[in-house]
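Descriptive analysis of the structure
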Amino acid sequence: MASPVPPRVPRPGYGPPNLNPNLQRTPDYLSDNMQNLQINRPPGPPSAMPYSSGPRPPPPFANSPFSSSSSLTPPMSSYPAAAPVSRPGPPPSGFPRAAAPPTGPPQSSPAPNLASGRPSVPPFSQPPPFGLRAAPPQGPFPSAPSMTGPIPQPSIVQGAMSNGPSVFSQGTLPGGPRFPSAGIAQQPPVVPPPMASSPRAPPGQSIRPFPGSPPYNAPLGAPSQLAPPSFAASQGMQSPMATPYGSQMWQMQSRPGAPLIPSSAQPPRMYGMPPPPTNQHLPPVPPIMGHMSASGASITGPSKIDPNQIPRPIPSSSVILFETRQNNQAGTPPSATSDFMVKDTGNCSPRYMRCTINQIPCSGDLLTTSSMQLALMVQPLALPHPSEEPIQIVDFGEGGPVRCSRCKGYINPFMKFIDQGRRFICNLCGFTDETPRDYHCNLGPDGRRRDADERPELCRGTVEFVATKEYMVREPMPAVFFFIIDVSMNAMQTGATAAACSAISQAIADLPESPRTMVGIATFDSTIHFYNLKRALQQPLMLIVPDIQDVYTPLETDVIVQLAECRQHLEQLLETIPTMFQNNRVVDSAFGAAIKAAFLAMKSTGGRLLVFQSVLPSVGIGALSAREAEGRTNVSAGEKEVHKLLQPADKTLKTMAIELAEYQVCVDIFITTQTYMDIASISVVPRTTGGQVYYYYPFSALSDSAKLYNDLRWNISRPQGLEAVMRVRCSQGLQLQEYSGNFCKRIPTDVDLPGIDCDKTIMVTFKHDDKFQEGSECAFQCALLYTTVYGQRRIRVHTLSLQCTTVISNLFRSADLDTQFTCFLKQAGNEIPTTPLYQIREQITNLCINVLHSYRKFCATVSSSGQLILPEGLKLLPLYTLALVKSIGLRTDGRIDDRSYWVSHVSSLSTPLVVPLVYPRMMAIHNLVSKEADESIIPPTIPLSSEYVTDDGIFLLESGEDCFIYVGNMANSDILLQIFGVPSVDEIPTQFVLKQYDNELSKKLNNVVNEIRRQRCSYLRLRLCKKGDPSGMLFFSYMIEDKTPGGLSYVEFLVHVHRQIQTKMA
Ligand SMILES: [Zn+2]
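This is a predicted model, so every value here is computed, not measured.

For the rest of this paragraph, the subject is the state of the cysteines. Counting across every chain of the model gives zero disulfides. Free cysteine: Cys362, not disulfide-bonded; nearest cysteine sulfur from Cys804 at 5.2 Å.

With that settled, consider the pattern of salt bridges. In the structure shown here, the tally under the stated rule is 40 salt bridges. Where Asp711 meets Lys707, a salt bridge forms, and the shortest distance between an N and an O atom there is 3.1 Å. You can see Asp711 and its partner Lys707 sitting in helix α14 (residues 701-717), four residues apart, about one turn around the helix. With respect to class, Asp711 is no different from Lys707; both count as buried. Where salt bridges share partners, they join Arg449, Asp451, Arg455 and Glu457 into one cluster.

We now examine the coordination of the zinc ion. Distances from the zinc ion to its protein donors, namely Cys404 (SG), Cys407 (SG), Cys426 (SG) and Cys429 (SG), fall within the range 2.2 to 2.3 Å. Around the zinc ion sit four donor atoms, and with donor-metal-donor angles ranging over 102 to 115 degrees the site reads as tetrahedral. If you list the donors of the zinc ion from N- to C-terminus, the spacing comes out as C-x2-C-x18-C-x2-C. Grouping residues by exposure puts Cys426 and Cys429 together as buried.

Below, the discussion takes up the packing of helix α9 (residues 591-602) against helix α11 (residues 652-662). Pairs of packed helices are described in terms of their axes, by the angle between the two and the distance that separates them. Contact geometry for α9 and α11: axes closest at 11 Å, N-to-C directions at 15 degrees. When the interaxial angle is binned, α9 and α11 end up roughly parallel. Considering the relative orientation of α9 and α11, their crossing is left-handed. Residues Phe591, Gly592, Ile595, Lys596 and Phe599 of α9 form the contact with α11, whose own contacting residues are Leu653, Met656, Glu659 and Leu660. Split by residue class, the contact of α9 with α11 holds six nonpolar, one polar and two charged.

Across a sheet, strands are paired by hydrogen bonds formed along the backbone, either parallel or antiparallel in direction. Spatial strand order, β13-β14-β15: three strands in an open sheet with antiparallel pairing. Only two strands of the sheet have a single partner each, and these edge strands are β13 (416-418) and β15 (432-434). On average, each strand axis in the sheet is inclined to that of its neighbour by 30 degrees, with strand direction left out of account. Note that β13 and strand β14 (residues 423-425) share three bridges and pair antiparallel. In the strand pairing of β14, Lys416 is matched with Ile425.

Looking at the secondary structure, you find Thr523 in strand β18 (residues 517-524). Here His529 takes part through its side chain, which lies 2.7 Å from a polar atom of the side chain of Thr523. Contacts of Thr523, omitting those with residues within four sequence positions, involve Ile485, Val487, Ile528, His529, Tyr531, Ile577 and Phe581.

Moving on, we come to the sheet that holds strand β28 (residues 762-768). Sheet architecture is open: four strands sit in the order β9-β11-β28-β26, paired in antiparallel fashion. Each of the sheet's edge strands pairs with one partner strand only, and the pair in question is β9 (353-355) and β26 (734-740). When the angles between neighbouring strand axes are averaged without regard to direction, this sheet yields 25 degrees. The pairing of strand β11 (residues 375-378) with β28 spans four bridges and is classified as antiparallel. Across the sheet, the residue bridging to Leu376 is Val764, located in β28. The strands touched by helix α16 (residues 817-831) are β9, β11, β26 and β28; relative to β11, the strand with the most contacts, the crossing angle is about 90 degrees.

This next bit is on the pairing of strand β16 (residues 462-466). Counting buried positions along β16 gives five out of five residues, so the element sits mostly inside the fold. The two faces of β16 match: Thr462, Glu464 and Val466 on one face and Val463 and Phe465 on the other face are all buried. With three bridges connecting them, strand β12 (residues 391-394) and β16 associate as parallel partners. Paired with Ile393 across the two strands is Glu464, which belongs to β16.

Backbone torsion omega between Tyr697 and Pro698 reads -15 degrees, so that peptide bond is classified as cis. Within the fold, Pro698 resides in the loop between β24 (693-696) and α14. In this structure, Gln664 is a non-glycine residue whose phi angle is positive, near 60 degrees. Along the chain, Gln664 turns up in the loop between α11 and β23 (665-672). Taking the relative accessible area as the measure of exposure, Gln664 reaches 3% and is therefore buried. Even without being glycine, Asp678 reaches a positive phi, approximately 55 degrees. Assignment of secondary structure puts Asp678 in the loop between β23 and α12 (679-682). Look at Asp678 and you get buried, because its relative accessible area is 0%.

Conventions adopted
Residues numbered from 1 in each chain as written. Predicted model: local features only at pLDDT ≥ 70, side-chain atom pairs only at ≥ 80, totals over all residues. Heavy atoms only, no water. Disulfide = S-S within 2.5 Å. Salt bridge = Lys/Arg side-chain N within 4 Å of Asp/Glu carboxyl O. Helix = DSSP H or I, 4+ residues; strand = E, 2+ residues; numbered from the N terminus. Buried < 20%, exposed > 50% of the residue type's maximum accessible area, 1.4 Å probe, protein only. Donors = N, O, S within 2.8 Å, 3.2 Å for Na, K, Ca; no water. Tetrahedral: all angles 85-135°; square planar, octahedral: opposite > 155°, others 65-115°. Axes fitted to C-alpha atoms, helices over the stretch in contact; angles between N-to-C directions. Parallel < 35°, antiparallel > 145°, perpendicular 65-115°, else oblique. Left-handed = near helix turned anticlockwise from the far one by under 90°. Contact = heavy atoms within 4.5 Å. Nonpolar A, V, L, I, M, F, W, Y, C, P; charged D, E, K, R; others polar. Pairing = 2+ DSSP bridges. Polar contact = N/O pair within 3.5 Å; in protein donor to acceptor, adjacent residues only side chain to side chain.

If you want it as structure tokens, here you go:
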């Protein structure tokens, strides 16, 4: 195995100057995911086979184009074989391995391991190889050998806001936090609930109009009813649409004098819910209707919407198979939130690139007319489904991949070979190139190259090219992990330091002992402490850097050491740190200086910097002030002005972040705090360097340690790339407008990504600069040049070619709801720091209204103005828009840091996680057992309306980030006993731990939680919510469909949208 890089690192002689590949080469080349990779070389010089070959898993879709090609080297195994090191742990059971490329008959059914669904579980125990995450262990989550015993009830209950001694300082370390059986509930948050009053307004309460929508108040007519006669009875909730692309409509029925409170507002009895007690809830509609009536305006007449019939997400229970092209045309991909498997038949998988519209308008005017936006969500290293065919690796040898000589686009299935294959026309810029002599092939009768089906780059939407020297300004960098830990008094006392040390110690055990894996560690309070980890030393030597204004790094060569050389020392050190600083009375934190000092140590290599921070940075470079206090008046000034606290305090950290990015240092920050941290300022560093912020607030050592560990472990073990550069190209006629995400950009065309991983998404917007011919295609190509953690330089290329159209209804038919909504959300996130919130809410609402209006105007065939007509593909757009308007980011009442975190979180959030973030899943768990035998672990979801939250029930709500368990005040004591081990709500401890008891209900609930964690790739934070206290209010703030003091109910919002459309039509 000819590793492209000498295994010894660090390599002396690396000049610090410019390590950014961009600056020394033309910026337009680009491109292991460490998983599912196969090698495939085109026939050619046999010398450059850099990787060993081995078996690979059979593709889920048979007829592998490679099965008949004798000239190809056998594909390599699903990635580990490519790497110079193997990761600990057995191969994932889900991957059957074949000794040779499969030649069997086509498999029409999902591959064997399909049942495991999304290949994802945050690392719990032994990590599978990168990207191949096994299903979570049944039952308890054993995190470390020490965790496997019976789970002790925590003996010390610590208030979340307490600064008292941590559980860890009491001798539970070493060994780390006790990871609870299936999850931990956190004590109810101490923050006041976001909603000032009950989510359901009493009938007499005055209703605030939808923010930023004046027409709402004025000309609203008499009470109206939107009745859905068209499909109410026959279609119901399960399948509201008969035709795949039909229109959905609600007729505004004229019913003068109809009662405002329809009895039909009673919650529907679906999802196995018992009928609610008759005296229980007010229907959500009446208050606003009454208000509208009082306003005395009139438009059409009374109308009503039946809440039972409004569009809501219906999760699909079966796995969808999607071929990226069929009949030589791109199809509309399945919903990003659904479970699907992709066969790459020319276009890349929608996991990697999704477009807001799956047909491209021929002109900019047509796009404008549709009111839709043209944008791509690019997630270049996204995790594939475990049963999907692995990405092919193509090695062109020394010449490198074939590219267009004008636009530098990479060879792809849509480049057209002409002149007997001697020349090819670029599908991006239209330029005609000579085919390189050694790449020449004759054309078949169909005009395609005869070898097209054998060459992945000519028949696959995604390939990975082995990068040649040309794509390197230096040898590929080693994988450096540098940890810096806050040991100031507060961090010590809250148990944050101990939790961080324990998490690092356990997570590091899972790093590969490759000569390329290097680690370093530092601690800081008002000074910075490095540790010499060289083996020769008896004990790690502490090296103190007292100057936090003009930072330096001691002994540069010994603070970052090969992991293999220092594992023991490191473990020992991590065990010692909590005791070493036990009595630390230093309250200051030199956060910026510590990052700077670590950066100086990493400068020659670049790498990953992981910061554990617990208090507001108060001294040294980049110190911040507790400006939240002064900002409170700003809060009370309302939302009319921009909140300065949502912007970075100054440019110091930004400047530092750009320098970090330049030297390929990617920073992640784990915020374990109980106070204001100025996330708006701090988050600039991860956002600029391709990292991310993790936020544990209010930090509780008891509740959050398990999540901290799991987050860290996933962070360092997930598929990722280093020193990356990404560029997206598009066909002539379109022009790239903007990139949005976590990166550093120095030239307009490219983004620099010191770190990029499978979870990160970048949004790219486009505009027209020319017209397309009807029937032509418009292509998008994303090229990501990156270094794998094993030191391979690769270019991953995704190509997506879509049909162009002059017909507006085609645009609506091929509209992608999830992507469009993700676009809304990211735009909102980008605006929050600079635009008043009410304005953003108005903009977002208008975006939604404009799209629906365009559809109504240009596509709907029904002429009656009394109908609200939604395009089938976008029928959930109003619901999601409403949910966004009510989200943490756009609500006025939240904490500043919560909003800043939200902004930073959504910046790189992937499409499949966007929807649950604003429209979480809710399910009843008190009746899990009584459910009929259903194959899915996750029970049916319930609409997010308090109508459905009964007092005698127990409900679970999850957003991909958090998981709330709500217990009604009249919950059955038997059920409480089964789930919580106590017979009454009051006896459930505030710091409750979800345990698994020996009964069916408890087992099922634990399975549900585990399954959600697996699906979300996230160890969700579990919190207990009780009716009648702040935690219950927090829970109800997620009832998006409810009327709130600051926002409309879902039904009202539909009425609002409808009226706005009518006004525009008039
Ligand atoms: Zn070109």
